[in-house]
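Given next are the chains, with one letter for each unit.
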Amino acid sequence: MVGYTPGSEGLFLWIGTAGMALGLLYFLGRGWGVTDTKLKQFYAINIFVTTIAFSMYFAMATGFGVANVSLAGGDELPIYWARYADWLFTTPLLLLDIALLANADRETIYTLIGLDVFMIATGLIGAFAAQPVYRIAWWGISTAALLVLLYVLVGTLKAAAPSQSDAARSLTNTLKNMLIVLWLAYPVVWILGTEGTLEFIPLYTETAAFMVLDLTAKVGFGAYLLKNHDVLTSIGGGA
Ligand code: RET
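Along each chain, residue indices are assigned from 1 in the same order as the chain's sequence is written. Reporting in this predicted model follows two pLDDT cut-offs: at least 70 for local features of residues, and 80 or more for side-chain atom pairs to be given and counted; totals over whole chains, interfaces and linings ignore these cut-offs and use all residues. Water and hydrogen atoms play no part in the side-chain values, which are based on all heavy atoms of the structure.

Undergrad: Is there a simple way to explain the overall build of the protein in this structure?
TA: Along the protein, the regular secondary structure elements total eight helices and two strands. Note on conventions: DSSP H or I runs of at least 4 residues are helices, E runs of at least 2 residues are strands, and numbering of each starts at the N terminus. Counting helices and strands in the order they occur from the N terminus, the protein gives α-α-β-β-α-α-α-α-α-α. The C-alpha radius of gyration of the protein comes to 18 Å, within 12% of the 18 Å expected for a compact globule of 239 residues. The principal-axis extent of the C-alpha atoms belonging to the protein is close to 60 × 35 × 25 Å. The quantity called the radius of gyration is restricted to C-alpha atoms. Its globule counterpart is 2.2 Å times the number of residues to the power 0.38.

Undergrad: Would you explain the pattern of salt bridges in this entry?
TA: Pairing is possible between side chains of opposite charge, provided their charged atoms come close. Any Lys or Arg side-chain nitrogen found within 4 Å of a carboxyl oxygen on Asp or Glu counts as a salt bridge. The final tally for this structure, using the stated rule, is two salt bridges. Its salt-bridge partner being aspartate 166, residue arginine 169 comes within 3.2 Å of it at the nearest N-O pair. With arginine 169 and aspartate 166 both in helix H6 (residues 166–192) and three residues apart, this pair spans about one turn of that helix. Remark: exposure states derive from per-residue accessible area (1.4 Å probe, protein chains only) relative to the maximum for the residue type, with buried under 20%, exposed over 50%, and partly exposed in between. The partly exposed category is assigned to arginine 169, whose relative accessible area is 28%.

Undergrad: Honestly, the packing of aromatic side chains in this entry has me stumped. Any pointers?
TA: Each aromatic ring pair is characterised by the separation of its centres together with the angle its planes make. Within 6.5 Å between ring centres, the rings of Phe, Tyr and Trp (the latter by its six-membered ring) count as paired, and their orientation is classed by plane angle as stacked under 30 degrees, edge-to-face over 60, tilted in between. Under the defined criterion, the tally for this structure stands at nine aromatic pairs. With centroids separated by 5.8 Å and ring planes inclined at 75°, the aromatic side chains of phenylalanine 64 and tryptophan 81 adopt a geometry described as edge-to-face. Pair noted here: phenylalanine 64 is in the loop between helix H2 (37–61) and strand S1 (67–70) and tryptophan 81 is in the loop between strand S2 (76–79) and helix H3 (82–101), with a separation of 17 residues, a long-range link. Taken together, the ring pairs connect Tyr84, Trp87, Tyr186 and Phe210 into an aromatic cluster.

Undergrad: What should I look at first to understand the side chain of arginine 83 in this one?
TA: Relative to the helices and strands, arginine 83 resides in helix H3. For the purpose of counting charges, residues Lys and Arg are taken to be positive, whereas Asp and Glu are taken to be negative. His and the chain ends are not included. Aspartate 214 is the oppositely charged side chain nearest to the buried, salt-bridge-free arginine 83, at an N-O distance of 4.1 Å. Only heavy atoms enter the contact rule, under which two residues are in contact if any of them lie within 4.5 Å. Apart from residues no more than four positions distant in its own chain, arginine 83 is found in contact with Leu13, Tyr57, Met60, Thr207, Phe210 and Asp214.

Undergrad: Is there a simple way to explain the site of the ligand in this structure?
TA: A single heavy atom is enough: if one lies within 4 Å of a molecule or strand, its residue is considered near that molecule or strand. With respect to spatial proximity, 16 residues lie near the ligand, and among them Trp139, Ser142, Trp183, Tyr186 and Lys218 are the closest. Within the side chain of aspartate 214, an N or O atom sits 3.5 Å from an oxygen atom of the ligand. Under the convention used here, a 1.4 Å probe and the Shrake-Rupley method define accessible areas, while residue burial counts only the protein chains that appear. Expressed as a share of its isolated accessible area of 540 Å², the protein-covered part of the ligand is 100%. Both cavities and pockets are sets of points on a 1 Å grid over the protein atoms alone; in a cavity a 1.4 Å probe fits but cannot get out, in a pocket the set is open with protein on both sides within 12 Å along at least five of seven lines, and lining residues sit with an atom within 4 Å of a point. Think of it this way: a molecule belongs to a cavity or pocket when more than half its atoms come within 2 Å of the grid points there. Because more than half of its atoms lie within 2 Å of the grid, the ligand is assigned to the largest cavity. Looking at the shell around the ligand residue by residue, the class counts come to 10 nonpolar, four polar and two charged. We call two N or O atoms a polar contact when they sit within 3.5 Å, provided that within protein one can donate a hydrogen and the other can accept it, with sequence-adjacent residues counted only if both atoms are side-chain atoms. Residue type decides the class: Asp, Glu, Lys and Arg count as charged, Ala, Val, Leu, Ile, Met, Phe, Trp, Tyr, Cys and Pro as nonpolar, and the leftover types, Gly among them, as polar.

Undergrad: Just checking my understanding: could you explain a nonpolar patch on the surface for this structure?
TA: Patch members must show over 30% relative accessible area and no salt bridge, and they are joined within 9 Å when carrying like charges or within 5 Å when they are nonpolar side chains of Val, Leu, Ile, Met, Phe, Trp or Tyr. The grouping of Leu11, Ile15 and Tyr204 at the surface amounts to a nonpolar patch, some 270 Å² of accessible area in total. Relative to the helices and strands, leucine 11 is located in helix H1 (residues 10–31). Residue leucine 11 is classed as partly exposed on the basis of its relative accessible area of 48%.

Undergrad: Quick question: what am I supposed to make of empty space enclosed by the protein here?
TA: Over the atoms rolls a probe the size of a water molecule, and its path tells where empty space is left. Grid points are joined across faces, edges and corners, and a volume is the space filled by probe spheres set on the points. According to the stated counting rule, one finds one cavity of 30 Å³ or more in the structure shown. Of the voids in this model, the largest cavity is the one considered here, and its volume is about 300 Å³. What lines the largest cavity is a set of 19 residues, and nearest its centre among them are Trp87, Met119, Ile120, Tyr186 and Pro187. Contributing elements (two or more residues each) for the lining of the largest cavity: H3, helix H4 (106–128), helix H5 (132–160), H6 and helix H7 (203–226). Of all the elements, H3 adds the most residues to the lining of the largest cavity, at five residues. In the lining of the largest cavity, the residues fall into 12 nonpolar, five polar and two charged.

Pasting the structure below:
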């Protein structure tokens, strides 16, 4: 719905907008003048991620990226659909970060991205479903995709480990653990929050939780990865 004015949760959408903008500037500043092709690739990925997130947070903060969903019982639920537009593009890019670090092959990368897009798309359907029971069913489908995705990712990284240098393996491990913990929190916030219609967590708290998760999973994750120039320039070059 165009013209919606966010309520008190707007504060967190503005903090998200500012945080993503700062993350973007940080990656641009640090990446400026980088000439190594591999490093450039990682900077480009994380610059894309924060640009997309910045614009979608701005859309939500200014009341563009939100729609009213009419539930079967007659209630109206404001749904921030811009989140899904953000996640649809940024989550595959974040997976690409870690897949490239582990030198994953093309087929594995496509599998991970396919599962990821399926996860976000089914989550979006859940967010727009009118019947609470269908919303929860879609949540289950999306969460199942996330679990398969994490299983494939862990298997891929395990298989890649022997051919990685010690430094690359240790960086991959830290990022993998970070990714697992952060990504598993999203379905929890969703189902406990307004989307799950169970209303354990109000929109205000839910918006704050997604904002902290988004900033950590994008800016925190990317900054940690890009701190390791030496590792990134030497991947694929043998242990
Ligand atoms: C949804 C819908 C409910 C079920 C599941 C979901 C998963 C979302 C994830 C999002 C990750 C976002 C990231 C953003 C980066 O900033 C869509 C909430 C499983 C895993 C990492």
